[in-house]
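Observations on the three-dimensional arrangement
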Amino acid sequence: MRKAIIIDDSKAMAQLVSGLLSEFKYQPIISFTIEDALKVPVTPDVAVIVTDIFMPGMGGIEGIGLLRKRFPMARIVAMTAGWDEMESEDVLTAAL
């Protein structure tokens, strides 16, 4: 079964995304920090990584680069709801 790593500091959001991906036959692995996600064993069945961008600790901006190196075959989706102090254009620039 294909695996999906979901990284979000919000338990509710992580569970929501996990449920959605389960509907598409992914086995979800939930991590609440990038640091924990980087401890997930590297296997070829990790197909998707969904990560929040703005979180305590390392955060998604820096973490995406490390996740790409660790799981080079996985597709990465970045998302956020916590960009209160940034303009939307700045958020998009940071994500790119």
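Residues numbered from 1 in each chain as written. Predicted model: local features only at pLDDT ≥ 70, side-chain atom pairs only at ≥ 80, totals over all residues. Heavy atoms only, no water.

It is worth spelling out the pattern of salt bridges at this point. On inspection of all chains with the given rule, the structure shows two salt bridges. A salt bridge links Lys3 to Asp45; the nearest nitrogen and oxygen atoms lie 3.7 Å apart. On the criterion of sequence distance, the pair formed by Lys3 in strand β1 (residues 3–7) and Asp45 in the loop between α2 (34–37) and β3 (46–52) is long-range, its members being 42 residues apart. Given the relative accessible area of 26%, Asp45 is considered partly exposed. Here Asp36 makes a salt bridge to Lys39, at a shortest N to O gap of 3.8 Å. The exposure class assigned to Lys39 is exposed, which follows from its relative accessible area of 63%. (Salt bridge = Lys/Arg side-chain N within 4 Å of Asp/Glu carboxyl O. Helix = DSSP H or I, 4+ residues; strand = E, 2+ residues; numbered from the N terminus. Buried < 20%, exposed > 50% of the residue type's maximum accessible area, 1.4 Å probe, protein only.)

Here the protein shows a mean pLDDT of 88. Residues at 70 or above account for 85%. Within the protein, the lowest mean pLDDT, 65, falls on helix α4 (residues 88–95), and the highest, 97, falls on β1. (pLDDT = per-residue confidence, 0-100.)

By size, the foremost hydrophobic cluster in this structure holds 12 residues: Ile5, Ile7, Ile34, Ala37, Leu38, Val40, Val46, Ile49, Met55, Leu67, Phe71 and Ala74. Elements that contribute at least two residues to this core include exactly β1, α2 and β3. When neighbours within four sequence positions are excluded, Ile34 is seen to be in contact with Ile7, Thr51, Met55, Met58, Gly59, Gly60, Gly63 and Leu67. Counting eight residues, the second largest nonpolar core, distinct from the first, contains Ala4, Val17, Tyr26 and Val48. (Core = buried A, V, L, I, M, F, W, Y, C linked by side-chain atoms within 4.5 Å. Contact = heavy atoms within 4.5 Å.)

Here we take up a nonpolar patch on the surface. On the surface, Met13, Leu16 and Leu20 cluster together into a nonpolar patch covering about 270 Å² of accessible area. Within the secondary structure layout, Leu16 lies in helix α1 (residues 11–23). (Patch = residues over 30% accessible without salt bridge, like charges linked within 9 Å, V, L, I, M, F, W, Y side chains within 5 Å. Areas by Shrake-Rupley, 256 points an atom, 1.4 Å probe, with all protein chains shown as cover.)

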